[in-house]
Amino acid sequence: MAGCGATLPGLKTARLRGGELGVVGTRPGVTVRVLMITPNTVPKGTFLYFPGGDGSLVNTEGRGKWLYTRVFPERGFITAMVDVPSDRSYGMIVGDRFRRGKEHLEDVMKIIDFVTQKWHQPIFLIGHSAGATSVGYLATVLKDHRIGGVILTGVVGEGSFASVPLHNITYPALFVHHKEDPCVSFEAALRQHWRLINSPRVNFVEVLGGDRSREINCSPIDPSRGKSWAHGFSGKEREVAIAITDWVAGKSVQDRIGP
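Residues numbered from 1 in each chain as written. Predicted model: local features only at pLDDT ≥ 70, side-chain atom pairs only at ≥ 80, totals over all residues. Heavy atoms only, no water.

## Quick word on the sheet that holds strand 8 (residues 202-207)
As a reminder, the rule being used: Pairing between strands is defined by DSSP: at least two bridges between the two strands are required. Secondary structure counts use DSSP, requiring at least four H or I residues in a row for a helix and at least two E residues in a row for a strand, with both numbered from the N terminus. The contact criterion used is simple: two residues touch if any of their non-hydrogen atoms lie within 4.5 Å. A fitted line through C-alpha atoms represents every axis, and for helices the fit uses only the stretch in contact; the resulting angles, taken between N-to-C directions, go from 0 to 180 degrees.
Spatial strand order, 1-2-4-3-5-6-7-8-11: nine strands in an open sheet with mixed pairing. In the strand order of this sheet, the two ends are held by strand 1 (19-27) and strand 11 (256-257), each with one partner. Sheet topology places strand 8 next to strand 11; two bridges connect them, and they run parallel. By the bridge assignment for strand 11, Val-207 is matched with Ile-257. Sheet strands in contact with helix 1 (residues 102-118) are strand 1, strand 2 (30-37), strand 3 (46-50), strand 4 (78-85), strand 5 (123-128) and strand 6 (147-153), and its direction is about 130° off that of strand 1. Contacting strand 3, strand 5 and strand 6, helix 2 (residues 130-141) crosses the sheet at an angle of about 140° to strand 5.

Listed below in structure tokens is the structure:
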């Protein structure tokens, strides 16, 4: 296990301060790396984060796909970022059935056990873009008292996500979506959140504005889909993280993050 200032293969930026890299055995011959960042105070809970695209922690440009999760530790929460399993060298491509399959579930169950052995606070499943498909599926099949809720950001509201039986989710759920995101439809995401008819608490937060100079790829495997500053909440990461951490703490949140 790597200690403070952990690095990842392919990461071209500076080491992630305070990062600890764990390697979890999940299935016979298969491991999954989990990059954990802890706060300086007693943790309030853990966010188990699933990145978008192919599911890897580092994009093709060598940058970490942390997005708003970098703010969680200073808000008193652990961030545990889940990498692709060792038997998926090509990643979890968009639309891949792996995100909605038994092996993914087996991996995550072992990762939850690993995390809760270290910290006993509640776990919140959180995914961005295609990573939200993982979270949506997992929330329909996992019945685990250690999970306190699910957060889905930048949801791919059509395609494989639309086939996830969201009506089976019984955890509190939060959707966060940028109004101007050209990568994934705002209207489709809004429609999807209405499907959570058995969740005890469902909120949808609309994000407006941000830093138009910082863009990320809409798709890691299809450059023709272009880039977007809105898809990664550029310039709004802190406000998004505050809304998420307030929500999991049981506080009321505004339904809009404005300019």
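Still more ground to cover, so stick around.
## Quick look at the confidence of the model for the chain
Selection rule: The predictor attaches a confidence to each residue, and that confidence, scored 0 to 100, is pLDDT.
Taken residue by residue, the chain gives an average pLDDT of 87. The fraction at 70 or more is 87%. Note on residues 1-7: pLDDT is under 50 here. Beyond four places in sequence and across chains, it has 25 contacts. For the stretch residues 11-15, pLDDT sits under 50, and the model shows 13 contacts to residues farther than four places along the chain or on other chains.

## With respect to helix 2
Along an α-helix, a turn takes 3.6 residues, which lines up residues three or four apart on a common side. As a reminder, the rule being used: Expected span of a helix: the number of residues minus one, times 1.5 Å. Under the scheme applied here, a residue whose accessible area is under 20% of the maximum for its type counts as buried, over 50% as exposed, and between as partly exposed, the area being computed with a 1.4 Å probe on protein chains only.
Given a rise of 1.5 Å per residue, twelve residues ought to cover 16 Å, and the 18 Å separating the end C-alpha atoms of helix 2 matches this to within 8%. Buried residues dominate helix 2, accounting for eleven of its twelve residues. By the burial criterion, the buried members of helix 2 are Ala-130, Gly-131, Ala-132, Thr-133, Ser-134, Val-135, Gly-136, Tyr-137, Leu-138, Ala-139 and Thr-140. Residues of helix 2 that are buried in the fold lie against strand 3, helix 1, strand 5 and strand 6.

## A word on the nonpolar core
Stated precisely, the cut-off is as follows: Buried Ala, Val, Leu, Ile, Met, Phe, Trp, Tyr and Cys residues that are joined via side-chain atoms within 4.5 Å together make up what is termed a nonpolar core.
Grouped together as the largest cluster of nonpolar side chains are 39 residues, with contacts concentrated most on Leu-48, Leu-125 and Leu-142. Here this core gets six residues from one element, more than from any other, and that element is helix 1. If we skip the residues at most four places from it in the chain, Leu-125 touches Leu-48, Phe-50, Val-135, Leu-138, Leu-142, Ile-147, Gly-149, Val-150 and Ile-151. Judged by nonpolar contacts, the second largest core, of 29 residues, contains Leu-67, Val-207, Phe-233 and Val-248.

## Comments concerning the environment of Gly-52
Among the secondary structure elements, Gly-52 is positioned in the loop between strand 3 and strand 4. Gly-52 sits in the buried class, given a relative accessible area of 9%. With 75 residues separating them in the primary sequence, Gly-52 and Gly-127 have C-alpha atoms 7.1 Å apart.

## Here we look at the packing of aromatic side chains
Under the convention used in this document: Each Phe, Tyr or Trp ring (for Trp, its six-membered ring) is paired with any other whose centre lies within 6.5 Å, and the angle between the two planes then decides the class: stacked below 30 degrees, edge-to-face above 60, tilted in between.
Evaluation of the coordinates by the stated rule reveals eight aromatic pairs. Look at Tyr-68 and Phe-233: their rings are 6.1 Å apart centre to centre, the planes differ by 50°, and that puts the pair in the tilted class. A residue pair is termed long-range when its members are at least 10 positions apart, and Tyr-68 in the loop between strand 3 and strand 4 and Phe-233 in the loop between strand 10 (227-228) and helix 4 (237-248) qualify at 165 residues. Put simply, the rings of Phe-47, Tyr-49, Tyr-68, Phe-72, Phe-77, Phe-124 and Phe-233 pair up and form one aromatic cluster.

## Regarding the side chain of His-193
Counting through the fold element by element, His-193 comes out in helix 3 (residues 186-193). Judged by relative accessible area, His-193 falls into the buried class, the value being 8%. With sequence-adjacent residues up to four places away left out, His-193 is seen in contact with Phe-175, Val-202 and Phe-204.

## So, the pairing of strand 8
Where we set the bar: Seen with the strands pointing away from the viewer, any crossover whose path from the first strand over the helix to the second strand runs clockwise is right-handed.
Where strand 7 (residues 173-178) and strand 8 come together, six bridges link them in parallel fashion. Across the sheet, the residue bridging to His-177 is Glu-206, located in strand 8. Taking the sense of rotation as the criterion, the β-α-β connection linking strand 7, helix 3 and strand 8 turns out right-handed.

## Quick word on the pattern of salt bridges
The cut-off we apply is this: What makes a salt bridge here is a side-chain nitrogen of Lys or Arg within 4 Å of a carboxyl oxygen of Asp or Glu, nothing more.
Tallied over the full model, the rule gives 15 salt bridges. One salt bridge in this structure joins Asp-246 and Lys-251, with 3.8 Å as the shortest N-O distance. Linked through salt bridges whose partners overlap, the residues forming this network are Arg-27, Asp-87, Glu-103 and Asp-107.

## So, helix 4
A rise of 1.5 Å per residue sets the reference length of helix 4, with its twelve residues, at 16 Å; its end C-alpha atoms lie 17 Å apart and thus fit the reference within 8%. For helix 4, the buried fraction is high: nine of the twelve residues fall into the buried class. At its buried positions, helix 4 is contacted by strand 3, strand 5, strand 6, strand 7, strand 8 and strand 11. Positive phi shows up at Gly-250, right after helix 4, with a value of about 90°.

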